[in-house]
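Results of the structural survey
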Amino acid sequence: MKRWYRSIFIFLLFVVRAEAVRFLANSDLHVRTEDNDQSVLKFKQFGQMLNLVNNAETNPIKALIFAGDLTSNGVAVEFNLLKQYYLEPLEALQKLGVSTLLCHGNHDHIEHSIFKTPPVLDYIKKAYGSTHYSRNIDGVNFICCEEYPTEGNYKKCWCPGTMSWLQRELRAIGTTAPIVIFFHYNLVGPFSDWWTKEAKDE
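Our subject in this report is the structure included herewith. (Residues numbered from 1 in each chain as written. Predicted model: local features only at pLDDT ≥ 70, side-chain atom pairs only at ≥ 80, totals over all residues. Heavy atoms only, no water.)

Under the definition given, this model contains four salt bridges. As a salt-bridge pair, K83 and E91 come within 3.4 Å of each other at their nearest N and O atoms. With a relative accessible area of 26%, K83 lands in the partly exposed category. In this structure, the salt-bridge partner of K126 is D122, at a minimum N-O distance of 3.2 Å. Of the two residues, K126 and D122 are both situated in helix α4 (residues 119–128); the distance of four residues between them amounts to about one turn of the helix. For K126, a relative accessible area of 67% corresponds to the exposed category. Exposure remark for D122: the relative accessible area of 29% places this residue in the partly exposed category. (Salt bridge = Lys/Arg side-chain N within 4 Å of Asp/Glu carboxyl O. Buried < 20%, exposed > 50% of the residue type's maximum accessible area, 1.4 Å probe, protein only. Helix = DSSP H or I, 4+ residues; strand = E, 2+ residues; numbered from the N terminus.)

Attention shifts here to the pairing of strand β4 (residues 133–137). Across five bridges, β4 lies against strand β5 (residues 140–144) in antiparallel orientation. In the sheet register, N136 faces β5, and the bridge partner there is N141. (Pairing = 2+ DSSP bridges.)

This part is about helix α5 (residues 162–173). Taking 1.5 Å as the rise per residue, α5 with twelve residues should run 16 Å; its terminal C-alpha atoms sit 16 Å apart, in good agreement. Here the buried face of α5 lies against β4, β5 and β6 (179–182). A positive phi of about 90 degrees marks G174, the residue just after α5. (Expected span 1.5 Å × (residues − 1). Contact = heavy atoms within 4.5 Å.)

For strand β3 (residues 99–103), the tally of buried residues reaches four of five residues, placing the bulk of the element in the interior. Examined bridge by bridge, strand β2 (residues 61–67) and β3 share five bridges and lie parallel to one another. Bridged to L64 within β3 is T100. Following the chain from β2 across helix α3 (residues 76–94) to the adjacent parallel β3, one finds a crossover that is right-handed. (Right-handed = clockwise from strand over helix to strand, strands pointing away.)

Next up on the list: unusual backbone geometry. A positive phi angle, near 50 degrees, is found at D69, a position not held by glycine. Tracing the sequence through the fold places D69 in the loop between β2 and α3. On the accessibility criterion, D69 (3% relative accessible area) is buried. You will see that E146, though not glycine, has its phi angle at about 60 degrees, which is positive. With respect to the helices and strands, E146 occurs in the loop between β5 and α5. Overall, the relative accessible area of 1% leaves E146 in the buried class.

Within the secondary structure layout, N106 lies in the loop between β3 and α4. At 3.2 Å, the side chain of N106 and the side chain of H184 are in polar contact. In this structure, N106 is in contact with D69, E147, H184, Y185 and W194, ignoring residues within four places of it in sequence. (Polar contact = N/O pair within 3.5 Å; in protein donor to acceptor, adjacent residues only side chain to side chain.)

All we've got here are geometric facts, nothing functional implied.
Below, the structure is given as structure tokens:
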């Protein structure tokens with residue numbers, strides 16, 4: 001192949017690979033049986049997210065992330081409301097090619113024992129195969145690490161070994177592909193003290 005042909009080919013390949021993959025992220029829906037200011041705000045935000053998805057014609061939004069605390073207490077009645085007002089519209093979007101990526105938060109199992117899987121976690125397990133999972137969307141690797149990546153010191157039997165699993169996933173993906181890691185607990189700022197500095201550093 002002549003050099004200038006090769007240069008054009010490499011340039012076109014770069015342009016194709018550089019196309020943006022757009023996604024939206026939200027967290028802490030805290031669906032409950034009685035509305036409060038937060039639940040009203042979150043439902044309004046959800047409607048705005050759906051509007052953005054439906055009106056993004058030239059550069060479509062490919063994924064919606066909801067990073068935990070989908071319910072306030074993890075009980076069945078809250079999950080049923082979550083399913084009616086959030087999950088069913090999201091399932092309809094998935095049929096149109098928009099991926100939904102969910103993870104659980106600490107509130108999603110607050111009223112459950114370790115011997116019974118809470119409904120939010122059960123839904124996530126059935127939808128994604130596990131409560132931690134990865135999905136490749138148009139060349140971008142989205143990795144869900146549940147509440148946060150940890151190993152061996154977790155009190156809930158449904159979340160063992162997330163850190164070692166994450167390490168295996170990252171080795172398999174390599175160092176050149178784009179990666180988005182998401183989980184419930186934030187690293188910095190307000191409400192970031194739910195986990196230790198040592199766990200964050202790790």
